[in-house]
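These are the residues of each chain, in order.
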Amino acid sequence: DLGQKSVVDLTLANIYFSYVDRTMGAEAYANIANSAEYPKLSRAYAMLFVADQFDGFQDKNLLRPFFSVEEFNGKSKEILIKDLYQKIYNMHPFGLAAGQLAFQLLETYKGVAIPDKDFDIIERYIEDINNNLPELETTDPFKSYIPVTILMKAGLFRLIENAGKIPKESVEELYLLAITRARTLGVSATEQYSILLY
């Protein structure tokens, strides 16, 4: 069925991306993301994988297959990655996409009080993160995103704290949870980064 087909095609895209050619792999992921025949979860995951890898490589060409020529041309890689996270969130509210959108909104209020209407939007994004965390437990490819999603949540709560609001969870405990989950899942880079932030 289409769900099984998407798993096979996502696996092939990963092989292209990881072992053959990153640009070819990004194109394979974009083919999944842009095709209505695949489940929305698979399409969102295809975009999320490349968005996450982009953060490491900072290669604007990885983002090209996810946009039309008009959408892509003339935009900085910073704008494009923000637009891609919005596309991911619109397709399926992955916690990482929700967190990125919340960060973007919080950044506009550095040193300024957050209006209640925007704070409500940020809380909705945090709720999306909370709802996505159990979903990430369901399959091995998703599990690798658990520590970084928890880390993002901790970062959001720290910004909320700095803005004079009281976070609903302890920032320190979230950092410890991110460290623990990264260690148990073998995501060493996230573990080290979490320790530094803690």
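Remember, it's a predicted structure, so these values are computed and weren't measured experimentally.

Trainee: Break down the overall build of the chain for me, with residues and values.
Mentor: Counting its regular elements, the chain contains eleven helices and zero strands. Reading the secondary structure of the chain in the N-to-C direction produces α-α-α-α-α-α-α-α-α-α-α. Against the globule reference of 16 Å for 198 residues, the chain gives a C-alpha radius of gyration of 17 Å, in line with a compact fold. Principal axes of the C-alpha set define a box for the chain whose edges measure 45 × 40 × 30 Å. Counting across all 198 residues of the chain, residues that qualify as buried make up 43%. A separation of at least 24 residues holds for 53% of the contacts in the chain among residues at least 6 apart in sequence. Total accessible area computed for the chain in this model is approximately 10300 Å², and 54% of it derives from carbon and sulfur atoms. In the chain, 20 positive and 27 negative side-chain charges are present, and the distance between their average locations comes to 3 Å.

Trainee: I'd like a rundown of the pattern of salt bridges, residues and numbers included.
Mentor: In this structure the tally under the stated criterion is twelve salt bridges. Among the ionic pairs, Lys5 bridges to Glu37, the shortest N-O distance being 3.9 Å. Here the residue Lys5 occupies a position in helix H1 (residues 2-20), and Glu37 occupies one in the loop between helix H2 (22-33) and helix H3 (40-57), the gap between them amounting to 32 residues. A relative accessible area of 37% means that Glu37 is categorised as partly exposed. Taken together, the shared-partner salt bridges connect Lys5, Asp9 and Glu37 into one network.

Trainee: Go over a nonpolar patch on the surface, please, and point to the residues and values.
Mentor: Among the surface-exposed residues, Val8, Leu12, Ile15, Tyr16, Tyr19, Val20 and Met24 lie close enough to one another that they form a single nonpolar patch of about 680 Å² accessible area. At six residues, the largest contribution of residues to the nonpolar patch is made by H1. Mapping Val20 onto the fold places it in helix H1. For Val20, a relative accessible area of 52% puts it in the exposed group.

Trainee: Outline the environment of Ala28, supporting the account with residue identities and numerical values.
Mentor: In this structure, Ala28 sits in helix H2. As for Ala28 and Glu123, which are separated by 95 residues in sequence, their C-alpha atoms are 34 Å apart. Here Ala28 is in contact with Ala13 and Tyr16, once residues within four sequence places are set aside.

Trainee: Give me the lowdown on the side chain of Ser42, citing residues and values where you can.
Mentor: Residue position: Ser42 is located in helix H3. Leave out the neighbours within four places in its chain, and Ser42 touches Ser6, Leu10 and Ile32.

Reading the values: rules and limits
- Residues numbered from 1 in each chain as written.
- Predicted model: local features only at pLDDT ≥ 70, side-chain atom pairs only at ≥ 80, totals over all residues.
- Heavy atoms only, no water.
- Helix = DSSP H or I, 4+ residues; strand = E, 2+ residues; numbered from the N terminus.
- Rg over C-alpha atoms; globule rule 2.2 N^0.38 Å.
- Buried < 20%, exposed > 50% of the residue type's maximum accessible area, 1.4 Å probe, protein only.
- Contact = heavy atoms within 4.5 Å.
- Areas by Shrake-Rupley, 256 points an atom, 1.4 Å probe, with all protein chains shown as cover.
- Lys, Arg positive; Asp, Glu negative; His and termini not counted.
- Charge placed at Lys NZ, Arg CZ, Asp CG, Glu CD.
- Salt bridge = Lys/Arg side-chain N within 4 Å of Asp/Glu carboxyl O.
- Patch = residues over 30% accessible without salt bridge, like charges linked within 9 Å, V, L, I, M, F, W, Y side chains within 5 Å.

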